[in-house]
Amino acid sequence: MNEKKAIEIMTGWLSHKNELGRKPAKIKAAGSFSYEGNDYVILKFKPEWLGEWQVGVVGFDEEGNECGHTFSEYEKYDEATAKDKCIAIIEYMKEYWRGRFLAELERRGMTEEEYNSLTEEEREKKWNETKEQKAIRVGSVLLKDPEIDFSALCDTLIKLYEVEDKDCTRNEYTLVFNFENNVISVGLMDTPVPNGEAEYYAEANFLWREAVETVKQHKAHLLVTTMNLEGNPIGAAAVFTDVVNTCSNEIKALGIYTTGNVYEPSYYDEWAQKIVNGEYPIPLWVYLGLVNDENGISGYTYGLTKFGRAEVEVIGSSHTVDELYNCLYYVCDWLLTEGAYFHDGETLSFRSDERLTITKSKAVYVTGDSFKISY
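Because the structure is a prediction, the values reported are computed rather than measured.

*Asks:* Hey, could you run me through the overall build of the protein chain in this one?
*Replies:* Looking only at helices and strands, the protein chain has eleven helices and 16 strands in total. Along the first, second and third principal axes, the C-alpha atoms of the protein chain reach 75 × 50 × 45 Å. Taken across its 375 residues, the protein chain has 46% of its residues classed as buried. The contacts in the protein chain between residues at least 6 apart in sequence include a share of 56% that link residues at least 24 apart. As displayed, the protein chain has an accessible area near 19,500 Å², and 48% of this comes from carbon and sulfur atoms. On the protein chain, the mean spot of the 39 positive side-chain charges and the mean spot of the 65 negative ones are 4 Å from each other.

Below, the structure is given as structure tokens:
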């Protein structure tokens, strides 16, 4: 029974976009063993029909559930050494999950020593305190002037989100309403974004040549805020993106200022539509910066802290600008889509033959600490 289940699990694991990205050409169970209270199935598989057999392992706990040790280093399968290779994989996965646990403790403001000193009741309270923190997103939809039909825009939003009167407060310049677990506010401001912030950040948008010239024309803006009452930053970001995009399309915005960037409305709309298909619009949620200086070509993220994670940097990469941008994009997508967290000293791979080292230290291009990827 476990063999059939193990084949299905390993096939699914290999099909993930960060592994083979497809089903293996062949896969078979090649034995089983018990190790430290769990039962394991040795798998051998061929990525290609004419390729060599490679070894992987899937583990089950005493209740028959997959125990989180599904993995393969894509090493050549050898019956004589398969079990030893699988045990090495298991030890690696145990360390990996320990790293994930320590990263989660860090996110919740605890060290391992502090966690171990707490009672079960105190641990649960600390966990729940973190979950109850409200997730907030704020941004501005830039307007040529304040002469828009704000009432009509409010009507559109109320109809779109099926807002009942009891869940809505509105006046000439402000709309506040509840949608699912979010409180959404849209306010009409008859002044530009303060302190020239929008113009300043527009200079960094290398994808929109007319950004600065266009943004300088704005004389008013809609201030949009989304607060998720369950402390879900993904939920807050998704609703915020949809509300902002709706406003932008309805009033023909000049641009959108949020997450340390200014976006062209058509670009924002294109990425916002991906939410409908279950994709995360990473460039709208996290700014991916590229720098060419004394360190060489480097890259950094700005916005991951909104999702409870440290920012990510690649310093002095030997790769091209496009490769570096794609690396940062895929890292952010993986972190948010998989609900993953980095831990100092672990490794990351985009391909079966690649292992990138992750280290945490003082950030170079953003504030605080960042995780550096050896890419």
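Moving on, there is more to tell.
*Asks:* What's the story with the sheet that holds strand E3 (residues 54–60) in this structure? I'm lost.
*Replies:* In any sheet, the strands associate via hydrogen bonds between backbone groups, in a parallel or an antiparallel arrangement. In space, the three strands of this open sheet follow the order E1-E2-E3, with antiparallel pairing throughout. What marks the edges here is a single partner per strand, and that holds for strand E1 (26–35) and E3. Across this sheet, the average inter-strand angle for adjacent strands is 25°, counted without regard to direction. Across the sheet, helix H1 (residues 2–15) touches E1, strand E2 (38–46) and E3, and the angle it forms with E3 is around 115°.

*Asks:* Can you help me understand the packing of helix H8 (residues 233–251) against helix H9 (residues 265–272) in this one?
*Replies:* Taken N-terminus to C-terminus, the directions of H8 and H9 make an angle of 140°; their axes are 10 Å apart at the nearest point. As judged from the angle between their axes, H8 and H9 are oblique. Like other packed secondary-structure pairs, H8 and H9 cross with a definite hand, here left-handed. For the pair H8 and H9, contact is made by Phe-240, Thr-241, Val-244, Asn-245, Ser-248 and Asn-249 and by Pro-265, Tyr-268, Asp-269 and Ala-272, respectively. Across the contact of H8 with H9, the residue classes tally to five nonpolar, four polar and one charged.

*Asks:* Sorry, what's going on with the sheet that holds strand E12 (residues 296–302) here?
*Replies:* Spatially, E11-E12-E13-E16-E15-E14 is the arrangement adopted by the six strands of the open sheet, whose pairing is mixed. Lying at the two open borders of the sheet, with one neighbouring strand each, are strand E11 (287–293) and strand E14 (347–348). As judged from the two bridges shared by E14 and strand E15 (residues 356–362), these two strands associate in the antiparallel manner. Paired with Leu-348 across the bridge in E15 is Leu-356.

*Asks:* How should I be thinking about the pattern of salt bridges in this particular structure?
*Replies:* Note on pairing: side chains with opposite charge can pair once their charged atoms come close. Using the criterion set out here, one finds seven salt bridges in the structure. Between Glu-73 and Arg-355 there is a salt bridge, with the nearest N and O atoms lying 2.8 Å from each other. Remark: Arg-355 occurs in the loop between E14 and E15 and Glu-73 occurs in the loop between E3 and helix H2 (82–107); sequence separation between them is 282 residues. Overlapping salt bridges bring together Glu-36, Glu-91 and Lys-94 as one network.

*Asks:* I keep staring at the state of the cysteines and nothing clicks. Help me out?
*Replies:* Simply put, disulfide is the name for a covalent bond between the sulfur atoms of two cysteines. Within this structure, the stated rule accounts for zero disulfides. Unpaired in this structure, Cys-67 has its nearest cysteine sulfur neighbour in Cys-86, at a distance of 12 Å. Since its relative accessible area comes to 22%, Cys-67 is described here as partly exposed. In this structure Cys-247 is not part of a disulfide, and its nearest cysteine sulfur, from Cys-154, lies 8.5 Å away. Residue Cys-247 is classed as buried on the basis of its relative accessible area, which comes to 0%.

*Asks:* Honestly, the packing of aromatic side chains in this entry has me stumped. Any pointers?
*Replies:* Summed over all chains, the structure comprises 20 aromatic pairs. Judged by centre distance (6.0 Å) and plane angle (55°), the rings of Trp-271 and Tyr-329 are tilted. Highlighted residues: Trp-271 in helix H9 and Tyr-329 in helix H11 (residues 321–337), separated in sequence by 58 residues. Note on accessibility: Trp-271 and Tyr-329 belong to one class, buried. Of the aromatic side chains, those joined through ring pairs into one cluster are Tyr-263, Tyr-267, Tyr-268, Trp-271, Tyr-329 and Tyr-330. Above the plane of the ring of Trp-271 lies Lys-274, whose end atom (NZ or CZ) is 5.0 Å from the centre.

*Asks:* How do you make sense of H11 when you look at a structure like this?
*Replies:* The α-helix winds at 3.6 residues per turn, so residues separated by three or four positions along the chain end up facing the same way. An ideal rise of 1.5 Å per residue puts 24 Å on 17 residues; H11 measures up with 24 Å between its terminal C-alpha atoms. Residues of H11 that are buried: Leu-324, Tyr-325, Cys-327, Leu-328, Tyr-329, Val-331, Cys-332, Asp-333, Trp-334, Leu-335 and Leu-336. Looking one or two residues beyond H11, the residue adopting positive phi is Gly-339, at roughly 65°.

*Asks:* Got a minute to help me understand the side chain of Glu-311 in this structure?
*Replies:* Relative to the elements of secondary structure, Glu-311 occurs in strand E13 (residues 311–317). The buried charged residue Glu-311 lacks any salt bridge, with Arg-137 as its nearest oppositely charged partner at 9.3 Å. A polar side-chain atom of Glu-311 sits 2.8 Å from the main-chain amide nitrogen of Gly-303. Setting aside chain neighbours within four positions, we find Glu-311 in contact with Thr-301, Tyr-302, Gly-303, Leu-304, Thr-305, Val-366, Asp-369, Ser-370 and Phe-371.

*Asks:* Please clarify how helix H5 (residues 150–160) should be interpreted in this entry.
*Replies:* Restricting attention to buried positions, one finds in H5 the residues Phe-150, Leu-153, Cys-154, Leu-157 and Ile-158. An end-on view of H5 places all buried positions within 135° of arc, on one side of the element. Residue Glu-162 follows H5 closely and has a positive phi angle near 50°.

*Asks:* Explanation requested: the packing of H5 against H8 in the structure shown.
*Replies:* The geometry of H5 relative to H8 is characterised by a closest axis approach of 11 Å and an angle of 140° between their N-to-C directions. Taken as axis vectors, H5 and H8 run oblique relative to one another. At the point where H5 passes H8, the crossing takes the right-handed sense. Seen from H5, the contacting residues are Leu-153, Thr-156, Leu-157 and Leu-160; seen from H8, they are Asp-242, Val-243, Thr-246, Cys-247, Glu-250 and Ile-251. Its residues placed into classes, the contact of H5 with H8 shows six nonpolar, two polar and two charged.

What counts as what
- All chains use their own residue numbering, which begins from 1 and follows the written sequence.
- Given that the model is predicted, a residue must reach a pLDDT of at least 70 before its local features are reported, and side-chain atom pairs must reach 80 or more before they are shown or counted; all residues, however, enter totals for whole chains, interfaces and linings.
- Water and hydrogen atoms were dropped before computing side-chain values, which therefore reflect all heavy atoms in the structure.
- Runs of E in the DSSP output that reach at least two residues are strands. Runs of H or I that reach at least four are helices, and both are numbered from the N terminus.
- Whether a residue is buried, partly exposed or exposed follows from its accessible area with a 1.4 Å probe, protein chains only, as a fraction of its type maximum: under 20%, in between, or over 50%, in that order.
- Working rule for contacts: check all heavy atoms of both residues, and any pair within 4.5 Å makes them a contact.
- Residue burial considers only the protein chains on display, and all accessible areas are found by Shrake-Rupley using a 1.4 Å probe.
- Neither His nor the chain ends is counted toward charge; the positive residues are Lys and Arg and the negative residues Asp and Glu.
- Taken as the charge location is NZ of Lys, CZ of Arg, CG of Asp or CD of Glu.
- The pairing criterion is simple: DSSP has to find at least two bridges between the two strands.
- What counts as an axis is a line fitted to C-alpha atoms, over the stretch in contact for a helix, and the angles between N-to-C directions run from 0 to 180 degrees.
- To sort the angles, those under 35 degrees are grouped as roughly parallel, those over 145 as roughly antiparallel, those from 65 to 115 as roughly perpendicular, and the leftovers as oblique.
- By convention, the crossing between two helices is left-handed when the near helix turns anticlockwise from the far helix through less than a right angle, and right-handed when the turn is clockwise.
- Throughout, the ten residues Ala, Val, Leu, Ile, Met, Phe, Trp, Tyr, Cys and Pro are labelled nonpolar, Asp, Glu, Lys and Arg are labelled charged, and all others, Gly among them, are labelled polar.
- What counts as a salt bridge is simple: a side-chain nitrogen of Lys or Arg found within 4 Å of a carboxyl oxygen of Asp or Glu.
- Disulfides are defined as cysteine sulfur pairs within 2.5 Å.
- The pairing test for Phe, Tyr and Trp rings, Trp by its six-membered ring, is centres within 6.5 Å, and the orientation test on the planes gives stacked under 30 degrees, edge-to-face over 60, and tilted for anything in between.
- In our convention, an over-ring charge means Lys NZ or Arg CZ found within 6 Å of a ring centre and within 35 degrees of that ring's normal.
- Here the expected span of a helix is defined as 1.5 Å times the quantity of residues minus one.
- For the purposes of these results, a polar contact is taken to be a pair of N or O atoms within 3.5 Å, where, inside protein, one atom must be able to donate a hydrogen and its partner to accept one; residues adjacent in sequence count only when each atom of the pair is a side-chain atom.
- Throughout, the arc means that of the directions going from the helix axis to the C-beta atoms.

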